[in-house]
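# Remarks on the overall topology
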Amino acid sequence: MKNRITGLRGERGWTQAELAQRAGVSRQTINAIETGKFDPSLPSPSGSPSSSA
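Since this is a predicted model, take the numbers as computed values, not measurements. (Residues numbered from 1 in each chain as written. Predicted model: local features only at pLDDT ≥ 70, side-chain atom pairs only at ≥ 80, totals over all residues. Heavy atoms only, no water.)

As a further point, take the overall build of the chain. In terms of helices and strands, the chain carries 3 helices and 0 strands. The helix and strand sequence of the chain, counted from the amino end, reads α-α-α. Per-residue burial for the chain yields a buried fraction of 15% across its 53 residues. For the chain, the exposed surface amounts to about 4600 Å²; the carbon and sulfur share of it is 53%. (Helix = DSSP H or I, 4+ residues; strand = E, 2+ residues; numbered from the N terminus. Buried < 20%, exposed > 50% of the residue type's maximum accessible area, 1.4 Å probe, protein only. Areas by Shrake-Rupley, 256 points an atom, 1.4 Å probe, with all protein chains shown as cover.)

Structure (structure tokens):
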């Protein structure tokens with residue numbers, strides 16, 4: 001699925017910070033979503049992997 005957030009945000013004239021505030025997330029989250037480094041549809045891990053050393 002293509003990410004349309006950047007285009008939709010631009011149509012409204014919103015900055016990443018404005019969209020983040022409206023969505024209740026950080027600007028960094030908006031940036032990560034727009035650049036494809038974050039997929040909000042995936043659950044976040046419940047813990048970090050343990051080392052087996």
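What follows is about the packing of helix H2 (residues 16-23) against helix H3 (residues 27-34). The N-to-C vectors of H2 and H3 enclose an angle of 110°; their axes lie 8 Å apart at closest approach. Taken together, the axes of H2 and H3 are roughly perpendicular relative to one another. Contact residues: Gln 16, Ala 17, Leu 19 and Ala 20 in H2; Arg 27, Ile 30, Asn 31 and Glu 34 in H3. For the contact of H2 with H3, the residue count by class is 4 nonpolar, 2 polar and 2 charged. (Axes fitted to C-alpha atoms, helices over the stretch in contact; angles between N-to-C directions. Parallel < 35°, antiparallel > 145°, perpendicular 65-115°, else oblique. Contact = heavy atoms within 4.5 Å. Nonpolar A, V, L, I, M, F, W, Y, C, P; charged D, E, K, R; others polar.)

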